[in-house]
Amino acid sequence: MKRIGIMTSGGDAPGMNAAVRAVARKAITEGLEVFGINYGFAGLVAGDIFKMEAATVSDVISRGGTMLYSARYPEFEQEATQLKGIEQLNKFGIDALVVIGGDGSYHGALKLTEHGYNAVGLPGTIDNDIPYTDFTIGFDTAVNTALDAIDKLRDTAASHERTFVVEVMGRGAGDIALWAGVAGGAADVIIPEHDFDVKSVANKLKSSRERGQKHAIIVLAEGVMHADEFAKKLNAYGDFQTRATVLGHVQRGGNPTAKDRVLASKMGAYAVELLMAGKGGLAVGIQNNQLVNHPMLDLFNAKHETELSLYKLAEDLSY
Ligand code: ADP
Ligand code: F6P
């Protein structure tokens, strides 16, 4: 193996640049040539590929987004399109790849491996919804962004004795809601992985109000329902001065936290080591603070385990 390619695919996540940098720098340190592939699988098929030097990734570690751009390109599910991508790999002499993205991107990466081009996947998504890894690149930054907003909302909630329903991202996963909820002292956290009852939430708010705690933050995962819908259901049980706030794509941007940068750096270097050992079709993860790899195929049949003990903690600590 002499030449490796790197791409980012699917939704961007803070820390993707740190991962790109780590892959490029580690590969160059090991004497490999590195090629950046713009716009994920779309750029691969279009041949939007360029040679990267160590300096190409200078000053990117602190930046959110992805310097390699990203795209959703469902056409890559078709074999004919995959073969066009293979033609480009041959044209540029790329033998192996690192694909940074979510599980959709891993499907594309596995196809390339099956065609004889080893690909290793790094979990780049704010959602933390990838199996066999405790954390994904971008999750910590997104939680901190959500937390910053929740802290600000708490100020105005307290001043006006209001209840804020704060909708956070996560697609079908409640991890951002759980972490931001516990860290933000939420009165309740509503996630897809745990059943809930709006009446009980309302009763809890009522008893808090009776005890003198007249404002509250409820963190709602987008995978459950929209914030305004939840607010409407809540209002059916009483007047809580409810306001709904949707944090949206702000959670996808911003400078990555130190934790995401270190995670991305570790995973990027590890991916190069796996490729150098002739391995492919593997997804990198971190479990109990150890770098791990698992066959992508295993991931497709598994589900990410949300840390549900945090749910109980959020309940126990709220009144
Ligand atoms: P994520 O990687 O964040 O889960 P997507 O599900 O949008 O995001 O997948 C990213 C890209 O991966 C898709 O736009 C497509 O190019 C590629 N991809 C997804 N599923 C497959 C598949 N079954 N076969 C080949 N490529 C796929
Ligand atoms: O997967 C990352 C994510 O930001 C999810 O949290 C969210 O549901 C989705 O992507 C939004 O997708 P889009 O950027 O295509 O609107």
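Residues numbered from 1 in each chain as written. Chains lettered and ligands numbered in written order. Predicted model: local features only at pLDDT ≥ 70, side-chain atom pairs only at ≥ 80, totals over all residues. Heavy atoms only, no water.

1. Concerning the site of ligand 1
In the region of ligand 1, 15 residues are neighbours, and Arg72, Tyr73, Gly102, Gly104 and Ser105 sit closest. Between ligand 1 and Tyr73 there is a distance of 2.5 Å, counted from an oxygen atom to a backbone nitrogen or oxygen. Relative to its unbound accessible surface of 550 Å², ligand 1 loses 82% to contact with the protein. The greatest single-element share of the shell around ligand 1, amounting to five residues, is contributed by helix α4 (residues 103-114). (Near = heavy atom within 4 Å. Polar contact = N/O pair within 3.5 Å; in protein donor to acceptor, adjacent residues only side chain to side chain. Areas by Shrake-Rupley, 256 points an atom, 1.4 Å probe, with all protein chains shown as cover. Helix = DSSP H or I, 4+ residues; strand = E, 2+ residues; numbered from the N terminus.)

2. Let's talk about the domain arrangement of the chain
In terms of domains, the chain is made up of domain 1 (3-138 + 256-300) and domain 2 (141-253). Between the C-alpha centres of domain 1 and domain 2 there is a distance of 34 Å. Opposite the 13 residues of domain 1 that make contact, domain 2 presents 13 residues. Buried surface at the junction of domain 1 and domain 2, summed over both partners, amounts to about 1,100 Å²; 50% is from carbon and sulfur atoms. For the pair domain 1 and domain 2, the interface holds two salt bridges. The closest approach of N and O atoms between Asp127 and Arg171, which form a salt bridge, is 3.8 Å. Here domain 1 is connected to domain 2 by six residue pairs in polar contact (both at pLDDT 80 or more). Broken down by class, the residue content of the side of domain 1 that touches domain 2 amounts to four nonpolar, four polar and five charged. (Domains from an automatic or database assignment. Contact = heavy atoms within 4.5 Å. Buried area = accessible area lost by both parts, 1.4 Å probe. Salt bridge = Lys/Arg side-chain N within 4 Å of Asp/Glu carboxyl O. Nonpolar A, V, L, I, M, F, W, Y, C, P; charged D, E, K, R; others polar.)

3. Observations concerning the site of ligand 2
The environment of ligand 2 is formed by Arg72, Ile126, Asp127, Met169, Gly170, Arg171, Glu222, His249 and Arg252. Between an oxygen atom of ligand 2 and a side-chain N or O atom of Arg72, the distance comes to 3.4 Å. In this structure, an oxygen atom belonging to ligand 2 sits 3.2 Å away from a main-chain N or O atom of Gly170. Against a free-state accessible area of 400 Å², the protein chains account for coverage of 74% of ligand 2.

4. Re the nonpolar core
Where a protein is soluble and globular, its nonpolar side chains tend to be buried together. One finds Ile4, Ile6 and Leu122 to be the most contacted residues of the largest nonpolar core, which totals 60 residues. Here this core takes eight residues from helix α9 (residues 258-276), the largest share from any one element. Contact partners of Ile6, with chain neighbours within four places excluded, come to Val20, Val23, Ala24, Val34, Phe35, Gly36, Ile37, Met52, Leu68, Val98 and Ile100. Counting 24 residues, the second largest nonpolar core, distinct from the first, contains Phe35, Leu89, Ala119 and Ile130. (Core = buried A, V, L, I, M, F, W, Y, C linked by side-chain atoms within 4.5 Å. Buried < 20%, exposed > 50% of the residue type's maximum accessible area, 1.4 Å probe, protein only.)

5. Side note on the packing of helix α6 (residues 175-183) against helix α11 (residues 309-317)
The interhelical angle for the contact between α6 and α11, taken along N-to-C directions, is 35 degrees, at an axis separation of 10 Å. As for how α6 packs across α11, the hand of that crossing is left-handed. Packed against α6, whose contacting residues are Leu178, Trp179 and Val182, the element α11 presents Leu310, Tyr311, Leu313 and Ala314 at the interface. Broken down by class, the residue content of the contact of α6 with α11 amounts to seven nonpolar, no polar and no charged. (Axes fitted to C-alpha atoms, helices over the stretch in contact; angles between N-to-C directions. Left-handed = near helix turned anticlockwise from the far one by under 90°.)

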